[in-house]
Amino acid sequence: MARSRITPEREAELYAAVLDLLREVGYDALTMDAVATRTRSSKATLYRQWGSKPELVVRALRSDKPVSLTEIDTGSLRGDFHAVVDRIDDCRLEKDSALMRGLAQAIHGNPDLHQAMRELLFEPELTGLDALLRRAVERGEVQEGHPALRYVVHMIVGAFVARQLIEDRAPDQAFLADYVDAVVLPALGI
């Protein structure tokens, strides 16, 4: 899809408006009409540029990522995980955690949203995580074929979900750093 008609600044403005609306009303109540009104654009422009509500929402989420795993390489797996945690502030974690909880509920009734999130949000992150883990294996930090390697993403997602469910608190930097050291790294034999 051609995106050249919208400047990067305008695209960032549209994405910010989408995320604001998501936080305000949730995915199900978010409409292309509401985005068009909020951004003073036409619904036709939105559909021409993004094709669908799920794609627009997921691209907005992707554009708002504070850190890309592919940018991280400190020379150790512990260093890499802590570098990721250090780049995310607690306020941001709280907002993103609430947003992701709402979207997690929405994907159950919306296969198009689920597919867009998998393709545009989760798979690129899994690729970055795989690269971090592969480097750790290559450096000899983690045994090749270690059974916990295939569950690292589950452990990390679990940290986000469990903290809210068990403690009624959003994950923060201190919690995530401790979780990496107490759960993820020991599970990998580090």
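Residues numbered from 1 in each chain as written. Predicted model: local features only at pLDDT ≥ 70, side-chain atom pairs only at ≥ 80, totals over all residues. Heavy atoms only, no water.

Section: the packing of helix 2 (residues 32-39) against helix 3 (residues 43-50)
Line of reasoning, step 1. Contact geometry of helix 2 with helix 3 gives a least axis separation of 9 Å together with a crossing angle of 110 degrees. Here helix 2 lies roughly perpendicular to helix 3, going by the angle between them. Where helix 2 crosses over helix 3, the handedness of that crossing is right-handed. Every residue of helix 3 that contacts helix 2 at M32, D33, V35 and A36 is listed here: K43, L46 and Y47. (Axes fitted to C-alpha atoms, helices over the stretch in contact; angles between N-to-C directions. Helix = DSSP H or I, 4+ residues; strand = E, 2+ residues; numbered from the N terminus. Parallel < 35°, antiparallel > 145°, perpendicular 65-115°, else oblique. Left-handed = near helix turned anticlockwise from the far one by under 90°. Contact = heavy atoms within 4.5 Å.)

Examining the pattern of salt bridges
Line of reasoning, step 1. Applying the stated criterion across every chain, the model contains 16 salt bridges.
Line of reasoning, step 2. Here R62 and E125 are joined by a salt bridge, their closest N and O atoms 2.9 Å apart. Of this pair, R62 sits in helix 4 (residues 53-63) while E125 sits in helix 7 (residues 111-138), and the two are 63 residues apart along the sequence.
Line of reasoning, step 3. Classification of R62 by relative accessible area gives partly exposed; the value is 29%.
Line of reasoning, step 4. Looking at E125, the relative accessible area reads 18%, which means it is buried.
Line of reasoning, step 5. A salt bridge links D73 to R139, with the nearest nitrogen and oxygen atoms 3.9 Å apart. You can see D73 sitting in the loop between helix 4 and helix 5 (77-86) and its partner R139 sitting in the loop between helix 7 and helix 8 (152-167), a full 66 residues away along the chain.
Line of reasoning, step 6. In the salt-bridge network here, residues are joined through shared partners; they are D73, D80, R135, R139 and E141. (Salt bridge = Lys/Arg side-chain N within 4 Å of Asp/Glu carboxyl O. Buried < 20%, exposed > 50% of the residue type's maximum accessible area, 1.4 Å probe, protein only.)

Comments concerning the nonpolar core
Line of reasoning, step 1. Core analysis: the largest hydrophobic core is formed by 27 residues, its most contacted members being V18, L22, V57, L103 and L113.
Line of reasoning, step 2. At the level of elements, helix 1 (8-25), helix 2, helix 3, helix 4, helix 6 (90-107) and helix 7 are the ones that each hand at least two residues to this core.
Line of reasoning, step 3. Top contributing element to this core by residue count: helix 1, with six residues.
Line of reasoning, step 4. V57 has contacts with V18, L22, Y27, L30 and L103, leaving out every residue within four places of it along the chain.
Line of reasoning, step 5. I72, L77, V142 and M155 belong to the second largest nonpolar core, which has 26 residues in total. (Core = buried A, V, L, I, M, F, W, Y, C linked by side-chain atoms within 4.5 Å.)

A short note on the environment of L176
Line of reasoning, step 1. For L176, the location among the structural elements is in helix 9 (residues 173-187).
Line of reasoning, step 2. Among the residues examined, L176 registers a relative accessible area of 9% and is labelled buried.
Line of reasoning, step 3. The spacing of L176 and R163 is 13 residues in sequence and 9.8 Å in space, taken between C-alpha atoms.

Some remarks on the confidence of the model for the protein
Line of reasoning, step 1. Overall, the prediction assigns the protein a mean pLDDT of 88, with 97% of residues at 70 or greater.
Line of reasoning, step 2. Within the protein, the lowest mean pLDDT, 79, falls on helix 6, and the highest, 96, falls on helix 9. (pLDDT = per-residue confidence, 0-100.)

Some points on the packing of helix 6 against helix 7
Line of reasoning, step 1. Contact geometry of helix 6 with helix 7 gives a least axis separation of 8 Å together with a crossing angle of 130 degrees. Taken together, the axes of helix 6 and helix 7 lie oblique to each other. Note on element contacts: helix 7 touches helix 6 through P111, L113, H114, M117, L121 and F122, opposite M100, L103, A106 and I107.
Line of reasoning, step 2. When the residues that make up the contact of helix 6 with helix 7 are grouped by side-chain class, the tally is nine nonpolar, one polar and no charged. (Nonpolar A, V, L, I, M, F, W, Y, C, P; charged D, E, K, R; others polar.)

As for the environment of L165
Line of reasoning, step 1. By secondary structure assignment, the location of L165 is in helix 8.
Line of reasoning, step 2. The exposure class assigned to L165 is exposed, which follows from its relative accessible area of 68%.

Some remarks on the side chain of N110
Line of reasoning, step 1. Locating N110 in the fold gives a position in the loop between helix 6 and helix 7.
Line of reasoning, step 2. Look at N110 and you get buried, because its relative accessible area is 18%.
Line of reasoning, step 3. Residues in contact with N110, not counting those within four places in the same chain, are Y27 and P54.

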